[in-house]
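Understanding the architecture of this molecule
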Amino acid sequence: MERWIRWASIGLVLVGVAEAIFRAQREVPPPDRAVYVVAFIVLALAGTLPLAIVRKQPVAAAVAMTAVNTLTVAAFQTLTSGALVAQLIVLFLLGRGGSRVMAIVLSLPFALLALIGTATVTDPVPVGAAPQAPPRFRSKPSTIICAS
């Protein structure tokens, strides 16, 4: 069991980092691209690496991954597939190991983000001008999958 978790962790880290680089290259304009690439890579690493210690410290790994992945979804409205799968695995292992209440509590931020959504501003408002419409709220499929 310990062995597959290590290999899964390595694989999910590689998938998360590759996806973070690809998304930053595709979605961010060139002047700010380097900053976003670094930010996405750091968040992808932080969202998947704690899976490697889930057998020794399951609660610490689950809390760290949940905090980082919730921050990622709230700030960037996205989550790498590696981080999503790692989050599901760590919550499953936490619940299976006997701490079901903690697994449920750590899944609540994703359920909240799925229900409430995250505010996204469609057009920037010039300084001094009144906003024309309130920001829209939307939920990404990755947030809804994590919540379920």
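Below, the structure is looked at part by part.

Thresholds, definitions, all that
Residues numbered from 1 in each chain as written. Predicted model: local features only at pLDDT ≥ 70, side-chain atom pairs only at ≥ 80, totals over all residues. Heavy atoms only, no water. Salt bridge = Lys/Arg side-chain N within 4 Å of Asp/Glu carboxyl O. Helix = DSSP H or I, 4+ residues; strand = E, 2+ residues; numbered from the N terminus. Buried < 20%, exposed > 50% of the residue type's maximum accessible area, 1.4 Å probe, protein only. Core = buried A, V, L, I, M, F, W, Y, C linked by side-chain atoms within 4.5 Å. Expected span 1.5 Å × (residues − 1). Arc of directions from axis to C-beta. Contact = heavy atoms within 4.5 Å. 1 Å grid on protein atoms, 1.4 Å probe; cavity = no way out; pocket = protein on both sides within 12 Å on 5 of 7 lines; lining within 4 Å. Points joined across faces, edges and corners; volume = space filled by probe spheres on them. Nonpolar A, V, L, I, M, F, W, Y, C, P; charged D, E, K, R; others polar.

A short note on the pattern of salt bridges
Throughout the structure, instances matching the rule amount to one salt bridge. The shortest N-O distance in the salt bridge between Glu19 and Arg23 comes to 2.8 Å. Of this pair, Glu19 and Arg23 both sit in helix H1 (residues 2–27), four residues apart, which is roughly one turn of that helix. The exposure class of Glu19 is buried, given its relative accessible area of 16%. Among the residues examined, Arg23 registers a relative accessible area of 19% and is labelled buried.

Section: the nonpolar core
One finds Leu51, Val54 and Val90 to be the most contacted residues of the largest nonpolar core, which totals 15 residues. Per-element tally for this core: the top contributor is helix H4 (residues 81–96), with six residues. In this structure, Ala20, Val37, Phe40 and Ala44 belong to the second largest nonpolar core, which totals six residues.

Details of helix H2 (residues 33–48)
Within an α-helix, residues lying three or four positions from one another point in the same direction, as the helix has 3.6 residues per turn. Helix length check: H2, at 16 residues, gives a terminal C-alpha distance of 22 Å against a target of 22 Å (1.5 Å per residue), a fit within 8%. Of the positions making up H2, those classed as buried are Val37, Phe40, Leu43, Ala44, Gly47 and Thr48. Within H2, the buried residues cover an arc of 140 degrees as seen down the axis, which keeps them to one side. Those residues of H2 that are exposed and angled more than 90 degrees off the buried face are Ala34, Val35 and Val38. In this fold, the buried residues of H2 make contact with H1, helix H3 (58–76) and H4.

Some words on empty space enclosed by the protein
Tallying each qualifying case throughout the model produces two cavities of 30 Å³ or more. Of the pockets and cavities examined, the largest cavity occupies roughly 100 Å³. With three residues, H2 is the single largest residue contributor to the lining of the largest cavity. The class makeup of the residues in the lining of the largest cavity is six nonpolar, four polar and one charged.

Details of H1
Along its 26 residues, H1 runs 37 Å from first to last C-alpha, staying within 8% of the 38 Å computed at 1.5 Å per residue. All buried positions along H1 are accounted for by Ile5, Ala8, Ser9, Leu12, Val13, Gly16, Val17, Glu19, Ala20, Arg23 and Ala24. Of the surrounding secondary structure, the elements contacted by the buried residues of H1 are H2 and H4.

Observations concerning the side chain of Thr78
With respect to the helices and strands, the residue Thr78 is situated in the loop between H3 and H4. Excluding residues that lie within four positions of it along the chain, Thr78 makes contacts with Arg23, Thr72 and Val73.

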